[in-house]
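Structure assessment
The chain contents come next:
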Amino acid sequence: MLGVVVLVYPWMNGEVLYHPTLSRHGGRAVPGSPMARFREQPLPRIHSALASIFSAHLAVEEAGFVAVDFYDGCMLYDFDEHRMMLCDLDEYRDAPFVLETDRLPGSTRFMAPEQSARGSLIDTRTTVFTLGRTLRLLMDAGDEEKQWRGTPEQMAVVRAATATAPERRFSSVRSLVDAWQATI
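Residues numbered from 1 in each chain as written. Predicted model: local features only at pLDDT ≥ 70, side-chain atom pairs only at ≥ 80, totals over all residues. Heavy atoms only, no water.

1. Examining the sheet that holds strand 1 (residues 15-16)
Applicable threshold: Note: two strands are recorded as paired if DSSP finds a minimum of 2 bridges between them. For helices the rule is a DSSP run of H or I covering at least 4 residues; for strands it is a run of E covering at least 2, with both sets numbered from the N terminus onward.
The 3 strands lie next to each other as 1-3-4, forming an open sheet whose pairing is antiparallel. The open sheet has two edge strands, strand 1 and strand 4 (83-86), and neither has a second partner. Pairing analysis gives 2 bridges linking strand 1 to strand 3 (residues 75-78), with the strands arranged antiparallel. Paired with E15 across the bridge in strand 3 is Y77.

Right, here's the structure in full:
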């Protein structure tokens, strides 16, 4: 028998912010959906949720891994306890690596350009891009990215994190987190 890795998570109360098999094509923006309800939270609660996401990815970076398929379907939010948890974390890989296929798995809303280009270097700056997109999408009041709820300084952090060219992004998750925390 081949070795198989199985992930077993403890049961946690909460709702996945976006369930792709249940809410295709606009499900995030539907009134009453988990994502719409999350986006209605006061900014301090959203900042706290983002801090949880950052904390997990600082540990990922420290362990030498990069996020490959992290998106809002990995975010489980407990609306009663106002707590963000992560789930379905089965696509993290040793970093850096060179993409040997045409595309990595993942949601295009969160993916860095290099995740769709054979021969590209995938490293911590790729995770920085994904986290920048996380900031952009969770700090917006709507799904069209036209209702930014943050400050201009926070948007500047998002823009730096999501620069098309990896060398123009923050060089690490730690540097992204430090820049973001300086805006709060």
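That shown, we press on.
2. Concerning the nonpolar core
Side chains that are nonpolar tend, in soluble globular proteins, to be buried together. Quick reminder of the rule: By nonpolar core we mean a set of buried residues, namely Ala, Val, Leu, Ile, Met, Phe, Trp, Tyr and Cys, connected to one another through side-chain atoms within 4.5 Å. Only protein chains enter the accessibility calculation, which uses a 1.4 Å probe; a residue is then buried when its area is under 20% of its type maximum, exposed when over 50%, and partly exposed in between. Contacts between residues were defined by any pair of non-hydrogen atoms, one from each residue, lying within 4.5 Å.
Formed by 37 residues in total, the largest nonpolar core has its most connected members in F38, I53, F70, M75 and L176. A per-element tally of this core places helix 2 (residues 43-62) first, with 7 residues. When sequence neighbours within four positions are dropped, the list of residues in contact with I53 reads F70, M75, M84, L86, L131, T134 and L138. V68, L104, M111 and I122 belong to the second largest nonpolar core, which has 7 residues in total.

3. Describing the pattern of salt bridges
Which entries qualify depends on this criterion: Salt bridges are defined as contacts in which a side-chain nitrogen from Lys or Arg sits within 4 Å of a carboxyl oxygen from Asp or Glu.
Applying the stated criterion across every chain yields a total of 11 salt bridges. Residue R125 pairs with D123 through a salt bridge whose shortest N-O separation is 2.8 Å. Through salt bridges with shared partners, a single network forms among R133, R136, D140 and E145.

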